[in-house]
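Spelled out, the chains give:
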Amino acid sequence: MQPFILSDGEAVRLKKYIEKKYVDLDSEQRRAIWSDAAHRVIDSRLPSFPDEVKEKVRFELLNKQRDTLILHQDDALRECLTLDLNQDELLGALTVWVSSRSAVPLERERLRDTLLQWSQHSPDQISLNALVEARSQASDAPQHMNEASCVAKEIAVSVETANMANMADLYTPTAPRRWMVRPWAMMAIVSSCVAAAIILVFTMNSFRNEQPTAGAQTYPSVMEIMLRDIRERESLRRAGGIPAELRYMDVDKKRLSLFLQDRNSLLAEEPYLSAIIASAKRYDVHPLLLFAITGQEQGFVPKDQKQAKQIANNPFNVFGSWESYNTTIEVSADIAAKTVKNISSRRLGDDHPIQWLNQTYAEDPEWWTGVTWLFNTMRQQIEGKSFEWAK
């Protein structure tokens, strides 16, 4: 079983494949494709957690290994210790994942107990091999004792059967001080002994040759994931309207706020942060796209900018500008989100979705380039994903 979630060799092969496949794109676009493909590889090899949990685990793994981007399966196991393993859905997914990668079936409760104990250890002591070893030490001896006890019971039953047969006059005297065993009685005794011997031999062999019952789980190769990614991307381009990548999805408000705070943005505060997210949800638009528009239009409204509070009422510059239309953040966010949705609904299948917005939303023909870069940057830093739309 492949011990890496993402190895250095795979990272290099991905890079070379993308450079060859998308030779007409610039380096920034190819990096976005590589990032997206790497995320797909990682997601396919993590436990089958709910999407939001899997994204969190992946984000933390990449953040901790950002210098090398090499992720070992033990790195993933350690990160899973930060989750609430009392949730049956998470514990079940982790159990299946660990079992498939260790080729050893693990009981849920025992796995959870072990992991909870390990949460007190230093990270370098946690690994799948150590987990399997701990499981074996805790369960092998009692299990063998139980199985041996079952064998003993089987043998005891056989002996008891023979004794009962003896009491039932299986042995018939034919002369003083001399006994003869009837043939059918001998057959019963021999059969009981043979059965006991077979049970004993079978059980002892099972101790030595027992194989895991959990089937080995296979993971898609990098090339398979890349080909699937290309097919999905081509299908996505052919579909018109607003694509799934620009539709509403929940975002981590804490990370979003930190991103904005790093830029001294007034939008990191309330009511601006929640108002923009609420409008995005109301009109089924990705919240980060709306924030990217504010970044392109007003640099995310720095707090030290003159008239920052007035600008923050309309950071999208709807109806011309914040000066000509100064309302509330709730109203301007609703107008911006509704505008994005309406324009996007008329998009043709082969057009870049943000470039399509540019035709109506802004006069600057390069507006879409800045919005796309900001949207991609925010997705990478906040969601651990990338946005790329190659033609």
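The sections below set out a description of the structure shown in this document. (Residues numbered from 1 in each chain as written. Predicted model: local features only at pLDDT ≥ 70, side-chain atom pairs only at ≥ 80, totals over all residues. Heavy atoms only, no water.)

**Concerning the overall build of the protein**
Working step 1: In terms of regular secondary structure, the protein is built from 16 helices and four strands.
Working step 2: When the 391 residues of the protein are sorted by exposure, 45% land in the buried category.
Working step 3: Restricting to contacts in the protein with at least 6 residues of sequence separation, those with at least 24 account for 64%.
Working step 4: Counting every atom, the protein has about 21100 Å² of accessible surface; 54% of that belongs to carbon and sulfur. (Helix = DSSP H or I, 4+ residues; strand = E, 2+ residues; numbered from the N terminus. Buried < 20%, exposed > 50% of the residue type's maximum accessible area, 1.4 Å probe, protein only. Contact = heavy atoms within 4.5 Å. Areas by Shrake-Rupley, 256 points an atom, 1.4 Å probe, with all protein chains shown as cover.)

**Observations concerning the side chain of Asp75**
Working step 1: Relative to the assigned elements, Asp75 resides in helix H4 (residues 73-80).
Working step 2: With a relative accessible area of 16%, Asp75 lands in the buried category.
Working step 3: Separated by 3.0 Å, the side chains of Asp75 and Arg78 make a polar contact. (Polar contact = N/O pair within 3.5 Å; in protein donor to acceptor, adjacent residues only side chain to side chain.)

**Focus: the pattern of salt bridges**
Working step 1: Taken as a whole, this structure holds 12 salt bridges when the rule is applied.
Working step 2: Across the salt bridge formed by Arg247 and Asp284, the nearest N and O atoms sit 2.6 Å from each other. With Arg247 in the loop between helix H9 (222-238) and helix H10 (253-261) and Asp284 in the loop between helix H11 (272-282) and helix H12 (287-298), this residue pair connects regions lying 37 residues apart in the sequence.
Working step 3: A relative accessible area of 35% means that Arg247 is categorised as partly exposed.
Working step 4: Sharing partners across several salt bridges, the network here consists of Glu60, Asp252 and Arg255. (Salt bridge = Lys/Arg side-chain N within 4 Å of Asp/Glu carboxyl O.)

**Some remarks on the packing of helix H1 (residues 8-21) against helix H2 (residues 27-45)**
Working step 1: Axis separation between H1 and H2 bottoms out at 10 Å; the angle between their running directions is 135 degrees. By the angle between their directions, the pair H1 and H2 is classed as oblique. For H1 against H2, the interelement crossing comes out right-handed. Taken together, the residues of H2 that come into contact with H1 (itself represented by Glu10, Ala11, Leu14, Lys15, Ile18 and Glu19) are Arg30, Ile33, Trp34, Ala37, Ala38, Val41 and Arg45.
Working step 2: Across the contact of H1 with H2, the residue classes break down as eight nonpolar, no polar and five charged. (Axes fitted to C-alpha atoms, helices over the stretch in contact; angles between N-to-C directions. Parallel < 35°, antiparallel > 145°, perpendicular 65-115°, else oblique. Left-handed = near helix turned anticlockwise from the far one by under 90°. Nonpolar A, V, L, I, M, F, W, Y, C, P; charged D, E, K, R; others polar.)

**A few points about H11**
Three or four residues apart is the spacing at which side chains of an α-helix point the same way, because the helix has 3.6 residues per turn.
Working step 1: Looking at H11, one finds that the buried residues are Tyr272, Leu273, Ala275, Ile276, Ile277, Ser279 and Ala280.
Working step 2: Where H11 is buried, its residues touch H10, H12, helix H13 (308-311) and helix H14 (329-345).
Working step 3: Phi turns positive, to about 55 degrees, at Asp284, one or two residues after H11.

**Examining the environment of Phe316**
Working step 1: Within the secondary structure, Phe316 sits in the loop between H13 and H14.
Working step 2: Distance from Phe316 to Ser332, taken between C-alpha atoms, is 7.1 Å for residues 16 residues apart in sequence.
Working step 3: Each residue touching Phe316, except ones within four places of it in the same chain, is listed here: Ile276, Leu290, Ile293, Thr294, Glu297, Ile329, Ser332, Ala333, Ala336 and Tyr361.

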